[in-house]
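One-letter residues, chain by chain:
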Amino acid sequence: MRVGLLFVAAVGVMTLTVHAQAPAPVTPENLVKAAKRAAGAEYAGTFLRICVAPDNLDGGAGRGAAPPAARSVPDRALWYARPYKVFDNLYFVGTKIHSSWALTTTDGIVLIDTLFDYAIEPEIVEGLTTLGLDPGSIKYVLISHAHGDHDQGAALLQSRYRARIVMGAPDWEATLQRPASAPGGVPKRDMVVGPEGTKITLGGTTVDVIATPGHTPGTLSYIFPVRDGGRSVVVAYSGGTAFNFPRRAESFAIYRDSQNKMGKAAAAAGATVVMSNHTEFDRAYDRARIAQLPRAPGEKHPYETDAATVKRYFDLGADCAEAQRLSMQ
Ligand SMILES: [Zn+2]
């Protein structure tokens, strides 16, 4: 492991640019330091998960690579969250742990991620109803990646409401190999997103769907506008985070490149909000509740940051992945 570090340090052509003064050599240690600075307090959850304690760190043959499965229904008190209106046109219908978002338009709802099967009825179906929204108006279901904590509602929403299911091509392949008895069932193949991405437009609102392979081969991330008191705010939604894939240098390079791609797309779109699909990464449950409180004049929405802070999120992901990749050489 150290041999690779010395080699990289000796070559010395690539340098970290986060320092104002002397550039540091690119080593795993320096990348982790850069990631820690990029994370700050804002993104500590993501930093801890992928830079300090990556799921695949000990790596033996796919350890940690299995998608999370809902083997039994955990105590409701541990996960149930009330639904919340968070932006004018974006509603949180997730759990305390995993996010599901309803983006409302004049022509129906775009639902982003669908939770474990046990949470679909209480959080998504009943949650939307509690908020005065009609689950029957869900037109698109965007699945960030095919792990059970985000996709087990897809089959129900497809069969009950005829919602279109949108997923990355490799994740469709993985999904369709599941047995019919899989929790939540298996959706029928529907809208397949390739590496070039796509745009989903409903009721005048467009979601830019960006292929960001890494967490899974078909992970999708999103950029879309929401409104805060009528003002447009752009969200960059990161569709996959943890390093619970087989530990290979190539996989970390793919992950790193996707973070950089998403960072550029977020900057180009003027994104000032980062969202994720685990509340540990974007504090969605906390922010959803804080968003219910009155704000002082001029006070920002609890989700809103600025372009530089959004960039830090994707820099941190790229740096943590690159640190792991280099440490394997
Ligand atoms: Zn996952």
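Since the structure is predicted, the reported quantities are computational estimates derived from the model, not experimental observations.

Bringing helix H7 (residues 154-161) into the picture now. Burial in H7 covers these residues: Ala154, Ala155, Leu157, Gln158 and Tyr161. Structurally, H7 contributes buried residues whose contacts are with strand S4 (108-112), helix H5 (117-130), strand S5 (138-142), helix H6 (148-151) and strand S6 (164-168). After H7 finishes, the residue arginine 162 shows a positive phi value of roughly 55°.

Among the structural elements, alanine 174 can be located in helix H8 (residues 169-176). A relative accessible area of 41% means that alanine 174 is categorised as partly exposed. Alanine 174 sits 28 residues away from alanine 146 along the chain, and the two C-alpha atoms are 7.3 Å apart.

What follows deals with helix H2 (residues 28-39). Helix length check: H2, at twelve residues, gives a terminal C-alpha distance of 16 Å against a target of 16 Å (1.5 Å per residue), a fit within 8%. Considered for burial, the residues of H2 that qualify are Pro28, Asn30, Leu31, Ala34, Ala35, Ala38 and Ala39. Positive phi appears at glycine 40, one or two residues downstream of H2, with a value of about 55°.

Rules behind the numbers
Residues numbered from 1 in each chain as written. Predicted model: local features only at pLDDT ≥ 70, side-chain atom pairs only at ≥ 80, totals over all residues. Heavy atoms only, no water. Buried < 20%, exposed > 50% of the residue type's maximum accessible area, 1.4 Å probe, protein only. Helix = DSSP H or I, 4+ residues; strand = E, 2+ residues; numbered from the N terminus. Contact = heavy atoms within 4.5 Å. Expected span 1.5 Å × (residues − 1).

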